[in-house]
Amino acid sequence: DRTPVGVLVTRVTSDVEAVEEFFASGVAALFHDSLKLVLIVAVMLWVNASIALTVLAVLPLLILAGGWFMRRSRRDFARVRGEVAATNAFATEAIGGIEVTRLFQREAESTRTYARHTDTLMRAHLATVLNFAFFFPTVTSLTALSVALVVHFSAWGVLSAGEVLQFYLLIELFFEPVRNLADNLNIMLQAVVSGDRLFRVLDREPEVRDAPDAIGAERLAGGVAFDGVHFAYHPTEPVLRGVSFAVPAGTTTAIVGPTGAGKSSLLNLVSRFYDVDRGAVRVDGRDVRAYAQRSLRAQIALVLQDVFLFRGSVLENIRLFDERIGRERVEAALDAVHARGVVERLAGGLDAAVEERGANLSAGERQLIAFARALVHDPAILVLDEATASIDTDTEHRIQQAIDRLRRGRTTLVVAHRLSTIRQADQILVLQRGEVRESGTHAELLAAGGLYRRLYELQVREVP
């Protein structure tokens with residue numbers, strides 16, 4: 001809800017790769033170069049301790065330069081990783097919405113926006129290059145300074161010709177691993193930044209968590225009740241205000257109302273995708289927070305307007321890779337929702353391949369498969385969120401017949417804008433601005449002449 005898909009994909013791909021590269025090669029190189037430095041310093045002290053300490057007087061300058069380099073590099077690498085994530089997020093969104101982009105002739109604007117992202121990313125990379133452009137000449141200058149000190153002492157006769165040559169070689173050997181360490185610091189700093197981004201995801205505590213004494217939801221009867229529920233996605237923007245109602249087990253309740261009234265939020269709370277701010281949502285008389293989430297959701301089947309299908313076969317998309325569900329059970333579910341024709345037209349039948357997001361199926365066909373998916377798991381509670389909004393009238397009629405038959409003995413919650421699909425509901429709730437304004441059957445609400453009546457008339461009559 002809060003993080004673009006491209007950002008999350010970047011963290012689990014390129015950020016992971018940056019950490020992997022450091023552990024695969026950087027750790028060994030850092031250990032090797034650090035050990036080499038220690039040994040060279042030991043040899044210098046053994047040859048001539050006083051001269052060695054004088055030569056090593058440049059180390060504070062090296063440490064200062066290294067500290068500056070690490071601070072700036074870490075900051076700039078964090079900027080690079082952030083820009084990579086932003087660029088990937090935009091690219092993911094642009095590719096996903098390419099039909100809209102082309103339909104409204106926004107290709108040029110999309111190209112310019114992507115160019116701005118890549119230009120910002122390039123400048124972030126150049127900042128890291130500039131850091132290295134400063135650090136390496138500094139190391140070279142300090143190498144020359146150390147050699148100059150050795151030459152100075154040799155001029156005063158403190159060192160013999162052999163010791164001068166020996167120190168010269170040791171100085172060259174000393175600064176070689178320093179340069180190598182700088183190269184490896186590049187890998188290490190990228191890994192540190194990427195690791196920090198990864199752990200911000202890994203260490204994030206879920207907002208919805210099971211209670212220590214949470215119980216498993218055995219086979220539920222399916223009774224649902226809202227008791228004074230207040231809920232908001234943002235503290236200053238309440239979505240539900242003191243909502244209370246009851247859905248007896250085995251009955252159908254429809255939820256209608258204007259856009260933004262809080263209809264889908266009610267369904268999210270039943271499935272416990274979110275927790276209420278105040279009040280309680282109960283299933284079979286028990287607060288949903290008392291159930292283990294996995295066992296509760298196993299008793300709920302959700303069908304949305306925007307159906308998501310995975311790459312794989314039709315069979316696996318219906319049973320969701322649960323090997324305990326056999327082909328016969330899947331076929332029975334397809335028959336129940338009148339979706340047998342969808343499968344029969346596909347080469348391979350149940351084993352036919354489904355492309356990404358079901359691109360090789362029509363919206364109505366995807367909807368029928370989603371119904372079969374919901375029914376094959378035999379839920380105690382069936383939740384339909386605008387599930388017939390994207391299909392034609394003929395398909396809607398067939399699905400409505402299947403729903404009427406399948407909801408018997410099963411608690412069903414339906415969110416619908418097309419009021420013609422909910423006439424047979426046992427109870428209809430009318431939401432407005434997060435509150436239940438009306439409730440009753442279709443006939444009772446029409447007779448009351450309130451908000452439901454106005455919504456219904458807008459759909460069945462021609463509006464001047």
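Figured I'd write up the structure that's included with this text.

1. Remarks on the nonpolar core
Thinking step 1. By size, the foremost hydrophobic cluster in this structure holds 46 residues, and its most contacted members are V314, I318, V330, L334, I422, I428 and Y452.
Thinking step 2. Broken down by element, the residue count for this core peaks at 8 residues, all from helix 13 (residues 363–376).
Thinking step 3. Residues within four places of V330 in sequence aside, it is in contact with L315, I318, R319, I325, L350 and V376.
Thinking step 4. In terms of nonpolar packing, the next biggest core, distinct from the first, is built from 35 residues, F69, V150, L181 and L189 among them.

2. A short note on the pairing of strand 4 (residues 278–283)
Thinking step 1. Pairing analysis gives 5 bridges linking strand 1 (residues 224–234) to strand 4, with the strands arranged antiparallel. Counterpart to V224 in the pairing with strand 4 is V283.
Thinking step 2. Taken together, the 2 bridges between strand 4 and strand 5 (residues 286–287) define a ladder with antiparallel strand orientation. In the sheet register, R282 faces strand 5, and the bridge partner there is D287.
Thinking step 3. Linking strand 4 back to strand 5 in an antiparallel pair, the connection comprises 2 residues, with D284 at a positive phi of about 55 degrees.

3. Considering the sheet that holds strand 9 (residues 381–385)
Thinking step 1. Judged by pairing direction, the sheet is mixed, and its 6 strands sit side by side in the order 6-9-10-3-11-12 without closing on themselves. Both edges of this open sheet fall to strand 6 (300–304) and strand 12 (435–440), since each of them pairs with a single strand only. Pairwise comparison of adjacent strand axes, ignoring direction, gives a mean angle of 15 degrees for this sheet.
Thinking step 2. Two elements, strand 11 (residues 427–432) and strand 12, share 5 bridges in a ladder whose sense is antiparallel. From the neighbouring strand, L431 faces strand 12, where its bridge partner is V436.
Thinking step 3. On the sheet, helix 13 packs against strand 6 and strand 9 and is oriented at approximately 175 degrees with respect to strand 6.

4. Brief notes about the sheet that holds strand 2 (residues 237–247)
Thinking step 1. Strand order in this open sheet of 4 strands is 2-1-4-5, and the pairing throughout is antiparallel. Where the open sheet ends on each side, the last strands, each with one partner, are strand 2 and strand 5.
Thinking step 2. In this fold helix 8 (residues 263–270) packs onto strand 1, strand 2 and strand 4, with an angle of close to 110 degrees to the strand it touches most, strand 1.

5. A closer look at the packing of aromatic side chains
Thinking step 1. The full count for this structure, using the stated rule, is 9 aromatic pairs.
Thinking step 2. Each ring, one from F22 and one from F23, has its centre 5.4 Å from the other, and the planes form 70 degrees; the classification is edge-to-face.
Thinking step 3. Under the relative-accessibility criterion, F23 is labelled exposed at 58%.
Thinking step 4. Relative to F310, the ring of F308 lies with its centre 5.0 Å away and its plane at 65 degrees, an arrangement referred to as edge-to-face.
Thinking step 5. We classify F308 as partly exposed; its relative accessible area is 36%.
Thinking step 6. One aromatic cluster is present, built from ring pairs that chain together F231, Y233 and Y274.

6. A few points about the layout of surface pockets
Thinking step 1. Put simply, the largest pocket is a space of about 960 Å³.
Thinking step 2. Surrounding the largest pocket, 27 residues form its lining, R297, I300, A301, L320 and H377 being those nearest its centre.
Thinking step 3. Sorting the residues of the lining of the largest pocket by element identifies helix 9 (293–297), strand 6 and helix 13 as the ones contributing at least two each.
Thinking step 4. Here the element with the most residues in the lining of the largest pocket is strand 6; it accounts for 5 residues.
Thinking step 5. Taken as a whole, the second largest pocket holds about 830 Å³ of empty space.
Thinking step 6. What lines the second largest pocket is a set of 20 residues, and nearest its centre among them are D1, R2, R204, E207 and Y274.

What counts, and at which threshold
Residues numbered from 1 in each chain as written. Predicted model: local features only at pLDDT ≥ 70, side-chain atom pairs only at ≥ 80, totals over all residues. Heavy atoms only, no water. Core = buried A, V, L, I, M, F, W, Y, C linked by side-chain atoms within 4.5 Å. Buried < 20%, exposed > 50% of the residue type's maximum accessible area, 1.4 Å probe, protein only. Helix = DSSP H or I, 4+ residues; strand = E, 2+ residues; numbered from the N terminus. Contact = heavy atoms within 4.5 Å. Pairing = 2+ DSSP bridges. Axes fitted to C-alpha atoms, helices over the stretch in contact; angles between N-to-C directions. Phe/Tyr/Trp six-rings, centres within 6.5 Å; stacked < 30°, edge-to-face > 60°. 1 Å grid on protein atoms, 1.4 Å probe; cavity = no way out; pocket = protein on both sides within 12 Å on 5 of 7 lines; lining within 4 Å. Points joined across faces, edges and corners; volume = space filled by probe spheres on them.

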